[in-house]
Amino acid sequence: MTGLAVHRGISVHRIGAMILRYWYLLLSSWPRLLELLYWPALQVITWGFIQYYIAENSNFFARAGGTLIGAVILWDILFRGQLGFSISFLEEMWARNIGNLMMSPLRPIEFLLSLMVMSLIRLAIGIIPMTLLALFMFQFNVYALGLPLIAFFCNLIFTSWSVGIFVSGLVLRNGLGAESIVWTLMFAILPLACVYYPVSVLPVWLQYVAWALPPTYAFEGMRALLIENTFRADLMLEALAINAVFLVASFASFLALLRSAKRHGSLLSGGE
Amino acid sequence: MTENDKASSRPTVAERSSSAAIAVEHLVKIYKQTRAVDDISFSLTRGSITGLLGGNGAGKTTTIAMIMGLVLPTSGRVQVLGHRMPEESAAVLGRMNFESPYVDMPMRLTVRQNLTVFGKLYAVKNLAGRIAELADDLDLTDFIDRANGKLSAGQKTRVALAKALINRPELLLLDEPTASLDPDTADWVRAHLERYRKDNNATILLASHNMLEVERLCDRVIIMKRGRIEDDDTPEAIMARYNRTTLEEVFLDVARGRVNGAKEAAR
């Protein structure tokens, strides 16, 4: 499928219809809304107090104020971004609605684009209160990072979408029996992306793996900004290039898994 | 007119396929060791209602799923409204629709919200008007603002039918359309489908275990067994061939392997 064909086939109205469907769902369930706020708030409070404690007992952390709480916020962008994407997808599997969608004029690319928009909406609902909590409770203003924050955010959200697209394809192919991958795969990235420590801590061979992951660049970039007051644009551009490869690869694997699901009749069963 | 002239005026296979609502040629689906559909061919003329009959595991649902593009055939061809499936599905998905017990409508959304979402997906013009029309036709008005999960089985079936009709499809694929409906509502739905076909010259392919429904609705019946087509004709011709007065008796003959005996008796 050429890029032009993909572009010509995209309907903003169909994407809008899917966003409306998820919006109706969010509004119909206060536990769903509450959950979006609950975990990020819990994270920032826990890590905020840890940051306080460490800063009181360490000159380095006292100087590098905010690296831990900043890392928590950026990690949550990555993790919640993927969950926001994947949960909207899972809602279709849980509701046994995927057949209706696949039989409608909705195209896979439109479905994925609507899931991306929903991940942003869900992320905004969870993360904005979290950043305000960090500001008022721990005097950490993530918005003071300025323009670099946008670069960090974009790179993290692109990775979260790549992972979300890939795991959605796995669930489509293997049914809800593969649901646990949705909740756990991102945690495999956690130690390798060096969320709470610099890449130099890893053994040399593992550093190559770490630098193959775009989030590593965002977390290293954040530490460079908070500790050395340096914005590493080179790191962000490298992360962007790897993210482009990840997004194309995840979309290609989603289409391949969808085709495999159609070959194996998984779209009719969808269960375990 | 010479033989050559006659031959040239005859429609080609491609022309026949493009004028048919559905054209299936040598369709095969193999899941691992199981031949779910085994070399079947048929075509449906536009404006017809065809019943797909067969016991559990006969291959009806797999056949319908391949026509819809939800399952890829192992071999063979499917054309829908003149377009190859699934390669050209984008050209036809907006002109067809379906209802199946294998899918549900989202439970937390109200009936109106569900119909709004699907109406937008199908780019239905004057959507509010179309929803009001369907609510009136299918008697949804009393529960149109109730969540789908809080409806009775019969109400859910009517909502699923409303979704299947939202885009005024030229081709409607129905899998057990009146299952879980009381006899009165089921009869009323059948009347609605007949009227819909007549008013819109729509083609309907329905898989059903309700033989009275098939007798009443269908111009043609395709009986499947173990993935193959066992018989294909009008309900009257099939009943005559098996020397039976109801399709239910024919179904039992086919299901219990009394096919040859029944046909012999008819001769």
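Since the model is a prediction, treat every value here as computed from it, not as a measurement.

Undergrad: What exactly am I supposed to notice about the overall build of chain A here?
TA: Summing up its helical and strand segments, chain A has 13 helices and 0 strands in all. For chain A, the C-alpha radius of gyration of 20 Å lies close to 19 Å, the compact-globule estimate for 272 residues. Its C-alpha atoms give chain A principal-axis dimensions of about 60 × 40 × 35 Å. Going through the 272 residues of chain A one by one, you find that 44% of them count as buried. In chain A, of all internal contacts separated by at least 6 residues, the share reaching a separation of at least 24 is 77%.

Undergrad: Would you explain the nonpolar core in this entry?
TA: The nonpolar side chains of a soluble globular protein tend to be buried, and buried together. Within the largest apolar cluster, 146 residues are counted, with the highest numbers of intra-cluster contacts made by Ile73(A), Leu74(A), Ile22(B), Ile67(B), Val80(B) and Leu173(B). It is helix H5 (residues 67-94) of chain A that provides the largest number of residues to this core, a total of 14 residues. Excluding anything up to four places from it in sequence, Ile22(B) contacts Ser43(B), Leu44(B), Ile67(B), Val80(B) and Leu205(B).

Undergrad: What's the story with the sheet that holds strand S5 (residues 83-85) of chain B in this structure? I'm lost.
TA: Two strands in a sheet stick together by hydrogen bonds in their backbones, pointing the same way (parallel) or opposite ways (antiparallel). Residues and elements named next belong to chain B. Taken in spatial order, the 4 strands make up an open sheet running S2-S1-S4-S5, and their pairing is antiparallel. The open sheet has two edge strands, strand S2 (34-44) and S5, and neither has a second partner. Neighbour-to-neighbour, the strand axes of the sheet open up by a mean angle of 30°, direction not taken into account. In terms of strand pairing, strand S4 (residues 75-80) meets S5 through 3 bridges, oriented antiparallel. When the sheet's bridge partners are listed, Val78 is paired in S5 with Met85.

Undergrad: Please explain the interface of chain A and chain B as it appears in this structure.
TA: Where interface size is given, it is often the accessible area lost as the parts come together that is meant. Taken together, the contacts link 26 residues of chain A with 27 residues of chain B. At the level of elements, helix H2 (12-27), helix H6 (98-102), helix H12 (233-264) and helix H13 (266-269) of chain A are the ones that each hand at least two residues to the side of chain A that touches chain B. By residue class, the composition of the side of chain A that touches chain B is 11 nonpolar, 10 polar and 5 charged.

Cut-offs applied
Residues numbered from 1 in each chain as written. Chains lettered and ligands numbered in written order. Predicted model: local features only at pLDDT ≥ 70, side-chain atom pairs only at ≥ 80, totals over all residues. Helix = DSSP H or I, 4+ residues; strand = E, 2+ residues; numbered from the N terminus. Rg over C-alpha atoms; globule rule 2.2 N^0.38 Å. Buried ≥ 20, exposed ≤ 12 C-beta atoms within 10 Å, placed from the backbone. Contact = placed C-beta atoms within 7 Å. Core = buried A, V, L, I, M, F, W, Y, C linked by C-beta atoms within 7 Å. Pairing = 2+ DSSP bridges. Axes fitted to C-alpha atoms, helices over the stretch in contact; angles between N-to-C directions. Nonpolar A, V, L, I, M, F, W, Y, C, P; charged D, E, K, R; others polar.

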